[in-house]
Amino acid sequence: MPEQAPTPERLRQIGFGFLGSKALLSAVEMGVFTALAQNPSSKTELTDRLGLHPDIAADFLDALVALNLLERDDGVYRNAPDADRFLDQNKETYIGGHFEWANTRMYPLFGNLTETLRTGEPQTAYSEDEDVFDELYGNDELFERFVNGMAGMSAHVAENLAESFEWDAYETVCDVGASKGIVPVTVAEKNDHIEATAFDLPRLEPIATEFIANSGVADRVSFHAGDVFEEELPEHDVFVMGRLLHDFDLTHKKELIQRAYDALPDGGALLVYGTMIDNERRENDGALLTNLYIQVETDGFDYTHEQCQTWLHEVGFSETEACDLPGRESVVIGWK
């Protein structure tokens, strides 16, 4: 058989991938999955409940069916299993707050990628006096949904770290940039000797303290309000930094690592997790694309396992290890 000639299909899927992305983001914005979690519905019912225009409602809903986000039987729509679990606002597993942020900020901002590629500069008004999250912090409802979404995105990592790391060798842990505290709470729940701290900006305190109070381990988990660049970290046996380093340039990345190292005792450990780029920089397309977005928005950037390990060694960590976690996350561990 003659060798089959290439087709344009793969290129088409990449080039027009934004169509499916925007359909999902708009569905989250309009509450489609929350509505269907409450009650599977017909097109007419959803049109009335969500304020869809009747001329386009069927096209929109059927596109979500084709994307395997919805199922349709005899004209009745219901959520696909993963959409029902992660995109219903009423479930603790909801990650849609992260998609809401993607819809309002990331999606339009990434359209400026070409300009960043030409200038090397972020395409925002970001400066030392204006944080990229100022807009988010100023909207209480959106901010809480975003925080809950980030917690949902981190829940599986928290479970894995809580079960796989050698916690028996330690007594205290501090998650720097903990958001509402899903990692310290989960570690404490699964290791009844651990005292845990969630360290983040004061803006997170009301949400985190409520979450911790309702967790069942409030006697062993506390929230520490502070700015990691303005004060020394409180001494702990283990520090965790999840999806934190990529927000900053190299100087600030190393400063964060140094601050953790200085606050650790001999034998202490730093766990850095996130969506890291593979060392060969050719396989993890999700991490490489996220890395491009970060540079459109901020002075930060993502990195490989080897880069992260090098930075840990440079500040003094004597031993490091990198491993992939279930899903798209990785963790780098450094021991002092």
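Just so we're clear, the structure is a prediction, and the values are computed from it rather than from any experiment. (Residues numbered from 1 in each chain as written. Predicted model: local features only at pLDDT ≥ 70, side-chain atom pairs only at ≥ 80, totals over all residues. Heavy atoms only, no water.)

S.K.: Residue-level account of the packing of aromatic side chains, with values.
M.R.: This structure, assessed with the given rule, holds eight aromatic pairs. Relative to phenylalanine 248, the ring of phenylalanine 229 has its centre 5.1 Å away and its plane inclined at 75 degrees; by these criteria the two rings are edge-to-face. Of this pair, phenylalanine 229 sits in the loop between β6 (221–225) and β7 (238–242) while phenylalanine 248 sits in the loop between β7 and α13 (250–263), and the two are 19 residues apart along the sequence. Measuring from centroid to centroid gives 5.2 Å for tyrosine 303 and tryptophan 311, while their planes differ by 65 degrees, and the two rings are edge-to-face. Both residues of the pair, tyrosine 303 and tryptophan 311, belong to the buried class. The aromatic ring of phenylalanine 301 is capped on one face by lysine 253, whose charged end is 3.7 Å from the ring centroid. (Phe/Tyr/Trp six-rings, centres within 6.5 Å; stacked < 30°, edge-to-face > 60°. Helix = DSSP H or I, 4+ residues; strand = E, 2+ residues; numbered from the N terminus. Buried < 20%, exposed > 50% of the residue type's maximum accessible area, 1.4 Å probe, protein only. Lys NZ or Arg CZ within 6 Å of the ring centre and 35° of its normal.)

S.K.: If you had to explain the pairing of strand β4 (residues 172–176) to someone new, which residues and values would you point to?
M.R.: Across the five residues of β4, four count as buried, placing the element largely inside the fold. With five bridges connecting them, β4 and strand β5 (residues 195–200) associate as parallel partners. Its bridge partner being in β5, threonine 172 is matched across the sheet by glutamate 195. With helix α11 (residues 182–190) bridging β4 and its parallel neighbour β5, the resulting β-α-β unit is right-handed. (Pairing = 2+ DSSP bridges. Right-handed = clockwise from strand over helix to strand, strands pointing away.)

S.K.: Can you explain the layout of surface pockets? Please cite residues and give values.
M.R.: In this structure, the second largest pocket spans a volume of roughly 540 Å³. Forming the boundary of the second largest pocket are 20 residues, of which Glu92, Thr93, Lys180, Ile182 and Phe211 lie nearest the centre. Of all the secondary-structure elements, those providing two or more residues to the lining of the second largest pocket are α10 (140–164) and α11. The element contributing the most residues to the lining of the second largest pocket is α10, with six residues. (1 Å grid on protein atoms, 1.4 Å probe; cavity = no way out; pocket = protein on both sides within 12 Å on 5 of 7 lines; lining within 4 Å. Points joined across faces, edges and corners; volume = space filled by probe spheres on them.)

S.K.: Would you mind going over the sheet that holds strand β10 (residues 330–335) in detail, with residue names and values included?
M.R.: In a beta sheet, neighbouring strands are held together by backbone hydrogen bonds and run either parallel or antiparallel to one another. An order of β6-β5-β4-β7-β8-β10-β9 is seen for the seven strands of this open sheet, with the pairing classed as mixed. The open sheet is flanked by β6 and β9 (319–324), the only strands paired with a single partner. Each strand axis lies, on average, 20 degrees off the axis of its neighbour in the sheet, ignoring direction. As judged from the six bridges shared by strand β8 (residues 269–274) and β10, these two strands associate in the antiparallel manner. Along β10, the bridge assignment pairs leucine 271 with isoleucine 333. (Axes fitted to C-alpha atoms, helices over the stretch in contact; angles between N-to-C directions.)

S.K.: Can you tell me about the sheet that holds strand β3 (residues 76–79), naming the residues and giving the values?
M.R.: The antiparallel open sheet is built from three strands, whose spatial order is β1-β3-β2. A strand with exactly one partner marks an edge of an open sheet, and here the two such strands are β1 (41–42) and β2 (70–73). As paired elements, β1 and β3 share two bridges and run antiparallel to each other. Within the sheet, the bridge partner assigned to serine 41 lies in β3 and is tyrosine 77.

S.K.: So what about the pattern of salt bridges? Which residues, and what values?
M.R.: Where charged atoms of side chains with opposite charge meet at close range, the side chains can pair. For the structure on display, the rule yields twelve salt bridges. The salt bridge involving glutamate 9 is made with arginine 12; its shortest N-O contact spans 3.0 Å. With glutamate 9 and arginine 12 both in helix α1 (residues 9–15) and three residues apart, the pair spans about one turn of that helix. Residue arginine 12 is classed as partly exposed on the basis of its relative accessible area, which comes to 43%. Salt-bridge contacts for glutamate 163 lead to lysine 190; the nearest nitrogen and oxygen are separated by 3.3 Å. Taken together, the residues span a long stretch of sequence, with glutamate 163 in helix α10 and lysine 190 in helix α11 at a distance of 27 residues. Assessed through its relative accessible area of 56%, glutamate 163 is described here as exposed. On the accessibility criterion, lysine 190 (38% relative accessible area) is partly exposed. Each of the salt bridges in this network shares a partner with another, and the network as a whole consists of Asp84, Asp88 and Lys91. (Salt bridge = Lys/Arg side-chain N within 4 Å of Asp/Glu carboxyl O.)

Interpretation in functional terms is not warranted from these geometric data alone.
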